[in-house]
Structures are given as C-alpha cells and as structure tokens.
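Structure at a glance
Letter by letter, the chains look like this.
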Amino acid sequence: MASGNAIYYVDTVKKNLIVFAQGADFDFISGLSFDQYDNLYVCDQSRREIKMVDSSGQVSWIAGFASQYGHSDGFVYNATFKYPIDLFMDTLQDCIYIADDQMIRKIDLNSSWVSTLAGDTIIGYADGKGKAARFRNITSICADKNNNIFTAELGQVIRRVSNDSNVVTRAGTTVQGYKDGPASTAQFNAPYGICIDETGNLFVSEAGNDVLRKIRAQKNIISSISSYSILTAKKRISVYPNPFGETSTVDLSEIKKSVNDNLSFHLFSVLGKEVMIRSNISGNKLLIEKKDMAVGIYLYKVVLNEKCIEDGKLIIQ
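Notes on unusual backbone geometry
Backbone phi values are negative for most residues with the exception of glycine, while trans is the configuration of most peptide bonds. The omega torsion across Tyr-240 and Pro-241 is -15°, close enough to zero to call that bond cis. With respect to the element layout, Pro-241 can be found in the loop between strand E23 (238–240) and strand E24 (247–251). Cis geometry marks the peptide bond from Asn-242 to Pro-243, where omega comes out at 10°. Residue placement: Pro-243 occurs in the loop between E23 and E24. Notably, Asp-94 is not glycine yet its phi reads approximately 60°, a positive angle. Positionally, Asp-94 belongs in the loop between strand E9 (84–90) and strand E10 (95–100).

Describing the packing of aromatic side chains
Applying the stated criterion to the full structure yields 5 aromatic pairs. On the numbers, 5.5 Å between centres and 25° between planes, the contact of Phe-265 with Tyr-300 is stacked. A residue pair is termed long-range when its members are at least 10 positions apart, and Phe-265 in strand E25 (residues 263–269) and Tyr-300 in strand E28 (residues 296–304) qualify at 35 residues. Residue Phe-265 is classed as buried on the basis of its relative accessible area of 1%. Through successive ring pairs, a cluster of aromatic residues spans Trp-61, Phe-65, Phe-75 and Tyr-77.

Concerning the confidence of the model for the chain
Residue-level pLDDT values for the chain average 88, and 91% of them are 70 or greater. Note that residues 229–233 has pLDDT below 50 and, in this model, 6 contacts with residues that lie over four places away or in other chains.

Quick notes on a nonpolar patch on the surface
On the surface, Trp-61, Phe-75, Tyr-77 and Trp-113 cluster together into a nonpolar patch covering about 440 Å² of accessible area. Checked against the element boundaries, Tyr-77 lands in the loop between strand E8 (74–75) and E9.

Rules used in this analysis
Residues numbered from 1 in each chain as written. Predicted model: local features only at pLDDT ≥ 70, side-chain atom pairs only at ≥ 80, totals over all residues. Heavy atoms only, no water. Helix = DSSP H or I, 4+ residues; strand = E, 2+ residues; numbered from the N terminus. Phe/Tyr/Trp six-rings, centres within 6.5 Å; stacked < 30°, edge-to-face > 60°. Buried < 20%, exposed > 50% of the residue type's maximum accessible area, 1.4 Å probe, protein only. pLDDT = per-residue confidence, 0-100. Contact = heavy atoms within 4.5 Å. Patch = residues over 30% accessible without salt bridge, like charges linked within 9 Å, V, L, I, M, F, W, Y side chains within 5 Å. Areas by Shrake-Rupley, 256 points an atom, 1.4 Å probe, with all protein chains shown as cover. Salt bridge = Lys/Arg side-chain N within 4 Å of Asp/Glu carboxyl O.

Rendered as structure tokens:
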C-alpha cells in the first residue's frame, strides 16, 4: 500500500505496518503493480514519473520527468506524462499500462518506448479506436487474463480497452446517479477504483455514492455489494455540483449561528494535507474554485467555534 511518499507492507504474522520504501525518491504515489519477480512498479503522480522498486527496496527510474509534463510519446528519455494516476504490469508482454489524464499510455520495457494506446488530450466521452476515443478523468485501471484493460472514470462510466486499442463502454450512461440493474442503464457517481476477479467479474468502488458495485461477467448485471449510511443520511450542508469541474457551492443556510460565532470551512487531500481554509464565514453560501487543485477526492470539515459540526467529500473531475 502507498501513502504520500511512502510504500508500506503488512506483516500478517506480527500484524505490523512496515515501511518498504520512502523519502526523496517519491512525492505522491498513486498506483502500484507487481511483476513476476516481485519488482514493484510505481506511479509518482506529482513528479509525473514511473519508477520500479526491487525486492530489496532499491528504487530505479523508468520514465517521465518531474520538471516536464505533457503527453509526448517516444523513447523513455524523451516521453512525458501529465497526470499518471494508476498502472498495471503486463508480465506476458513486459509492458506497463498507465492511466494518464485522459489517455491510456504504454511503456514497452524491451524497447524502452512510450506510446499512447487509447485516448487523446481532449476530455470527453466517445467510444472508438485509439486516439479517436475520449475519456473523462480516468481514476483507475485493471486488466483481465486476456489483457483487456478496464477503466473507471469520473465521466460515470466503466470502459474496456482491447488489445487492438478499441474502446467500448462496459457499464454506465454518463449520467451521474445511483442505479443498479443492466449495465447499459446503470448509473454511477464518481467511480474511483476498479479490479477484476479470475472469472471476469468487475468490482468498482464509488466515491460519490460510497458503495462497492459488482458488474457480473455472465449476466452483465450491476449490483451493490455494500454501502455506507451516507446514502440516506440527512445533512445540514449541501454541496453542489459534486463532483464539479470549475466551481462548486457550499450551502450553509441550515447552520444556526450568531454574529459572534466563527464558522470556517476546511478542505483536505485524502492524505490529510489541508489545501484550503475559509474562516469567519458570514454568508450562507461559499464558492469553491478548482484553480490549481488536481482532480480527485477531497475531504471537508465545517467547523463552528473550533468544533467540527459536519464533514463530507468533495470530488473534482
């Protein structure tokens, strides 16, 4: 598992969490995948680099540059990444597939060549082949035994990318919501993680609805496995739109406060770093702007006189 600039493993006998690798070699780790030799491949999202950690904890560079960002293909010393968020290692072909912004990138370790398998720099939604396909903020990827790639994206759909670069929608309608049933009519709200079992069933963690969904391979039916009470819990604070692209509004009109009360809004990254604070809020509505914040999940707290009165999630897409 990874957190910030560190990679950990769990000693299941002693039940301890042990640091495997950390420090100046990493900044913000967001994706991990092993090969057959127990080498661990890592997405360093903030540095826009792909790295490898061997079984002894030695870190080596694979591709990407902290000082440059973009979508350039080519030899690893020339290629650039913009927002590498997840990856998996294809041990049969000795390739690494990376979810990078609105694209699926590929590193051939034999030739040291970086290419784009599907997608383009243009954000959107379109099935198609190679660069004709459009994605909206890919958050996670996995692959089946035939090396078909599956993506979760904040465009509220699950996609499949075949070996010949053809992209098709596996589930979802692009409409934000919460609906089980046939894959073609099911609805998601910010699918953020995806994995697959040996029989081809897909499992999707959903940040917006706080549910774990299952897409059955045989029946093509989506069902909810577990959920949190946030789906039915009544909140005094509403945030809309959520997820959002450029701006979102926090409605505080249900909060009862007097003139001398100090009402503040705090926004944190998933690692607990405070990225925004608004103090002494006097009005009933607060405008949140994306500006330089990266896409992803953020946690907020509303504090009244140094006491947290409500918290929740804010999703930037």
